[in-house]
Amino acid sequence: MKKLLGIFLFLAILYGLLLFADPGARSVQNHLNLGQRIGLYGILSLAVGMLIITGGIDLSMGSVVALTSTVFAMLVRDHGWSPIAAMPVVLAMGVVIGLVHGLLVTQVRVQAFIVTLCGLFVYRGIARWIANDAVKGLGSMGENWKDVLNTDLGSVLERWTGWDLPIPKVIHMHLVLFLIILALATVFLHFTRHGRYFFALGSNERAAKYSGISVNTYRIMAYVLCSTLTALFAIPYLLYNNSATPSSTGNFFELYAIAGAVLGGCSLRGGEGTSVGILIGTAIIWLLPNLTNMWGIPSSLEYTVIGVALLLGATLDEVLRRWGRVSKA
Amino acid sequence: MIPGARCARLWAWNASLLALPCESIILYRTTPLSNTRNPADFEPTMKHRLTSPLLALAALSLLLAGCPAKGGGQTKLAFITNNANEFWTLAQRGSEAAAKKENVALEFKMPSPGTSEEQQRIIQDLLSKGIQGIAISANDAENIAGFLKRDVASKVPLITQDNDVPDASARRCYLGTHNYRAGRAAGELVLKHAPDGGKLAIFVGQMDAQNAVERRQGVIDVLLGIDQKDMKDRTPLTANQKVGKYMLVDTFTDEAKEDKCQQRAQDALTKHPDMACMVGLWAYNPPAMLRAVKQSKLDKAPIIVGFDEDYQTLDAIQKGEIVGTIVQNPYEFGYQSIRILKAFVEGNNDFLKKEYPSIDAQNRIYIDHRVIVKNNVDEFYTKLKELRGK
């Protein structure tokens, strides 16, 4: 996979720098933390990545996270629902939101940028309104779920089997969850007819249409997938952070998600991208802040370092690709 | 390892990278290579034009990073703010002064997105790095408390400053402003400068922050004539409610965005040209409100009462455009936090009782607020400039 060589090299360099930064950076705990961040936010990058492959975009993800996590917290804490009952409701909200986006884009032909930008305002507003601008927390609700999701794979297996397993406690359950979703997405995107249609739609919509693909159906499907995965993200997110602040939860999540996907090789013009690339892109996005913390870079300079590093990574990727094309010719 | 040895090695590595032949980098640095590995060990195998971006990246990150925090023998303590506001510059000066005096290696962290998740990530990273004590201004206090208690306080001494957590057992002590009393002080200024009542508007970033709730309630309780030292009931956020002689038009929130505060203030003044007073609860609110008042060109401008020490607020107090501001003492937040943490790390558990006799049952230490008005603004301003300019 020559396409991924550039960003993979970049990730390897960052990881090397991280290991070099501080003894603490090499610890099991730090790797557990990193896995948690990459796993959790990887879900969002994957969600928007699949949409970007079809040539779409979703700017409302952060607000969808705010709305769905607020609703989840309110159902469980204020209305006494069990988490297992609240989960389908939250996922259904994701489906409905995606459906609305998809229908507006395909039937009314409003630009996706506008539709989802309006979504960004609307869902944030609804979240603040239903919560009356108060923080909605889970308190000590859903402990069973937290016990499973907010820990590492080794501990969960030990608890289930009752054995003392010799597994290093380094793989966070969020990473496990993400890898399962990633595996499913990989099969869907790269090994099924539907996945190929996603790429066809993204690279040339008209050609796709003339070859008999129901482009509107696949476009809507991409929006529904994106919003549903975003709603799914809200569940482990809330169980981990234990609270949703309607006015700020999820702010800029869409940007990080899009950045991870694009860095991972999804072209904003559509038709390009891989699931593994999205994983690498997300890993880079979340390795950088950890790296700046481990190096002890002053907070005020942190964003500059992250920005410059990302730019260098993207440049490296582009240069390597061009080199790949030239050497092939 | 001797302190600084690792640092020297880093620089040498850095130098070896820069010294490699590559077209795009002309810089050439010579550093004594004693106590280092052979530079050839680091020579990349892929000798090609393309190595230059790689090297540039590696070199840049090293250059920017400099040396990791020096730590040999020093106590490693962290001070974490709740956002990157200028307010915290003074806390930084205070904690740096204490760190110097107490031989502490200080990590001063100002998370730009002021969220509890970002704080949680920073704390996780600091713990991985072997931090020995943490002072934090908790964002979203109610819900980060669980994490602080379970994953932080069980490992290292943890204190809260500025913003407390509701669960007092999650931290060793709290130090900060008594926000309800500070809010009452702002209410007194309103009573003094707009004694006839009238329309009142309150501006703040978010109403889900505890200090916003307490300050707002302090203002309202004074106007209602309620005399008490601590906050009891919470007045709902509804618009157009009667508060004593005053009509509280609304509590306007702006997600901590200054430009949005200004727009909301402009709109409020357009709708209520007879506004009598405006109170801004967060540092950036008063300057934004003042700009809105100036633009609205009303015959009778409303009085403005603010919080904190934005220089525009102080300038305006000198000119008489803002009647007064309630300031906290962030320098002391920083200074005292580091002193207390250092004592805890050394196992000096009686420190609080000995040094702060007025500490309450929940281990809260209050650092007094001050009311800055026209006749004491000059003296305060001069001192502030000294501290900030350092």
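Before reading on, note that the structure itself is shown above.
No experiment lies behind these values; they were computed from the predicted model shown. (Residues numbered from 1 in each chain as written. Chains lettered and ligands numbered in written order. Predicted model: local features only at pLDDT ≥ 70, side-chain atom pairs only at ≥ 80, totals over all residues. Heavy atoms only, no water.)

Asks: Whenever I open this one, the overall build of chain A confuses me. Can you help?
Replies: Each helix and strand in chain A was counted, giving 14 helices and two strands. Expected size for 329 residues packed as a compact globule is a radius of gyration near 20 Å; at 20 Å, chain A falls within 12% of this value. Counting every position in chain A, which comprises 329 residues, the buried fraction comes to 57%. Across chain A, every contact between residues at least 6 apart in sequence was considered, and the portion connecting residues at least 24 apart equals 74%. (Helix = DSSP H or I, 4+ residues; strand = E, 2+ residues; numbered from the N terminus. Rg over C-alpha atoms; globule rule 2.2 N^0.38 Å. Buried < 20%, exposed > 50% of the residue type's maximum accessible area, 1.4 Å probe, protein only. Contact = heavy atoms within 4.5 Å.)

Asks: Sorry if this is basic, but what is going on with the sheet that holds strand S1 (residues 75-80) of chain B here?
Replies: Where strands meet in a sheet, backbone hydrogen bonds hold them as pairs that are either parallel or antiparallel. Residues and elements named next belong to chain B. Strand order in the open sheet formed by six strands is S2-S1-S3-S4-S5-S12, and the pairing between neighbours is parallel. The open sheet has two edge strands, strand S2 (104-109) and strand S12 (364-366), and neither has a second partner. Across the sheet, the axes of successive neighbouring strands diverge by a mean angle of 20°, strand direction being ignored. Pairing geometry for strand S5 (residues 174-176) and S12, over three bridges, is parallel. Its bridge partner lying in S12, Gly176 is registered against Tyr366. (Pairing = 2+ DSSP bridges. Axes fitted to C-alpha atoms, helices over the stretch in contact; angles between N-to-C directions.)

Asks: What am I meant to see in the pairing of strand S11 (residues 324-327) of chain B here?
Replies: Successive residues of a regular strand alternate their side chains across the two faces of the sheet. All names here are of chain B. Every second residue of S11 is oriented toward a common face, with Gly324 and Ile326 on one face and Thr325 and Val327 on the other, all of them buried. When strand S10 (residues 303-307) meets S11, the two strands line up parallel, connected through three bridges. Note that in S11 the partner of Phe307 across the bridge is Ile326. In terms of handedness, the path from S10 via helix H10 (residues 311-319) over to S11 forms a crossover that is right-handed. Two elements, S11 and strand S13 (residues 370-373), share four bridges in a ladder whose sense is antiparallel. When the bridges of S13 are listed, Val327 appears paired with Arg370. (Right-handed = clockwise from strand over helix to strand, strands pointing away.)

Asks: Would you explain the packing of aromatic side chains in this entry?
Replies: Residues and elements named next belong to chain B. What the rule picks out here adds up to 17 aromatic pairs over all chains. Their ring planes at 85° and their centres at 5.0 Å tell us that Phe87 and Trp88 sit as a pair that is edge-to-face. Both residues of the pair, Phe87 and Trp88, belong to the buried class. In this structure, Arg172 packs its charged tip against the face of Phe344, placed 4.1 Å from the ring centre. Stacked on the ring of Tyr381, the Lys or Arg Lys385 has its end atom at 4.2 Å from the ring centre. (Phe/Tyr/Trp six-rings, centres within 6.5 Å; stacked < 30°, edge-to-face > 60°. Lys NZ or Arg CZ within 6 Å of the ring centre and 35° of its normal.)

Asks: Would you explain the side chain of Asp254 of chain B in this entry?
Replies: Relative to the assigned elements, Asp254 of chain B resides in the loop between strand S8 (246-253) and helix H8 (258-271). Each residue touching Asp254 of chain B, except ones within four places of it in the same chain, is listed here: Val204, Gly205, Lys260, Cys261, Tyr284 and Asn285 of chain B.

Asks: Any chance you could explain the environment of Leu239 of chain A here in plain terms?
Replies: All names here are of chain A. Along the chain, Leu239 turns up in helix H11 (residues 215-241). For Leu239, a relative accessible area of 2% puts it in the buried group. C-alpha separation for the pair Leu239 and Leu138, spaced 101 residues apart in sequence, amounts to 7.6 Å. Leaving out residues up to four positions away in the same chain, Leu239 has contacts with Leu138, Gly142, Trp145, Lys146, Leu149 and Asn150.

Asks: Is there a simple way to explain the environment of Val187 of chain A in this structure?
Replies: Topologically, Val187 of chain A is positioned in helix H8 (residues 173-191). Separated by 44 residues in sequence, Val187 of chain A and Glu143 of chain A place their C-alpha atoms 33 Å apart.

Asks: Just checking my understanding: could you explain a nonpolar patch on the surface for this structure?
Replies: Together, Phe121, Val122, Ile126, Trp129 and Ile130 of chain A line one region of the surface with nonpolar side chains, adding up to about 530 Å² of accessible area. Topologically, Ile126 of chain A is positioned in helix H5 (residues 112-130). (Patch = residues over 30% accessible without salt bridge, like charges linked within 9 Å, V, L, I, M, F, W, Y side chains within 5 Å. Areas by Shrake-Rupley, 256 points an atom, 1.4 Å probe, with all protein chains shown as cover. Salt bridge = Lys/Arg side-chain N within 4 Å of Asp/Glu carboxyl O.)

Asks: Quick question: what am I supposed to make of the sheet that holds strand S9 (residues 275-280) of chain B here?
Replies: All names here are of chain B. With mixed pairing, the seven strands of this open sheet are ordered in space as S7-S8-S6-S9-S10-S11-S13. The strands lining the two open edges of the sheet, one partner per strand, are strand S7 (241-243) and S13. Strand-to-strand twist of the sheet, defined as the mean angle between neighbouring strand axes without regard to direction, takes the value 25°. Where S7 meets S8, three bridges bridge the pair, whose relative direction is antiparallel. When the bridges of S8 are listed, Lys242 appears paired with Met247.

Asks: Can you help me understand the side chain of Gln262 of chain B in this one?
Replies: By the element assignment, Gln262 of chain B lies in helix H8. Its relative accessible area of 14% is what places Gln262 of chain B among the buried residues.

Asks: Please explain the packing of helix H4 (residues 116-128) of chain B against helix H5 (residues 141-153) of chain B as it appears in this structure.
Replies: If you want to describe how two helices pack, look at the angle between their axes and the distance between the axes. All names here are of chain B. Axis separation between H4 and H5 bottoms out at 11 Å; the angle between their running directions is 10°. Judged by the inter-axis angle, H4 sits roughly parallel to H5. On the side of H4, the interface is formed by Ser116, Gln119, Gln120, Ile123, Gln124 and Leu127, while H5 contributes Ile144, Phe147, Leu148, Asp151 and Val152. Across the contact of H4 with H5, the residue classes break down as six nonpolar, four polar and one charged. (Parallel < 35°, antiparallel > 145°, perpendicular 65-115°, else oblique. Nonpolar A, V, L, I, M, F, W, Y, C, P; charged D, E, K, R; others polar.)

Asks: Please explain the pattern of salt bridges as it appears in this structure.
Replies: Two side chains carrying opposite charge are able to pair once their charged atoms lie near each other. All names here are of chain A. Considering all chains together, one arrives at 21 salt bridges over all chains under this definition. Residue Asp78 pairs with Lys136 through a salt bridge whose shortest N-O separation is 3.1 Å. With Asp78 in helix H3 (residues 61-78) and Lys136 in strand S1 (residues 136-137), this residue pair connects regions lying 58 residues apart in the sequence. Among the residues examined, Asp78 registers a relative accessible area of 41% and is labelled partly exposed. A salt bridge links Glu143 to Lys146; the nearest nitrogen and oxygen atoms lie 3.7 Å apart. Taken together, the residues Glu143 and Lys146, both in helix H6 (residues 143-149) and three residues apart, mark about one turn of the helix.

Asks: I would appreciate a short explanation of unusual backbone geometry in the present structure.
Replies: Of note, the phi angle at Phe252 of chain A is positive, near 70°, even though the residue is not glycine. A positive phi angle, close to 55°, is found at Asn103 of chain B, a residue other than glycine. For Asn103 of chain B, the position within the fold is in the loop between helix H3 (87-102) and S2.

Asks: Honestly, H11 of chain A in this entry has me stumped. Any pointers?
Replies: All names here are of chain A. With 27 residues, H11 extends 39 Å between its outermost C-alpha atoms, agreeing within 8% with the 39 Å of an ideal straight helix rising 1.5 Å per residue. Of all 27 residues in H11, 22 are buried, a share of seventy percent or more. Remark: Asn242 follows H11 within two positions and exhibits a positive phi of approximately 70°. (Expected span 1.5 Å × (residues − 1).)

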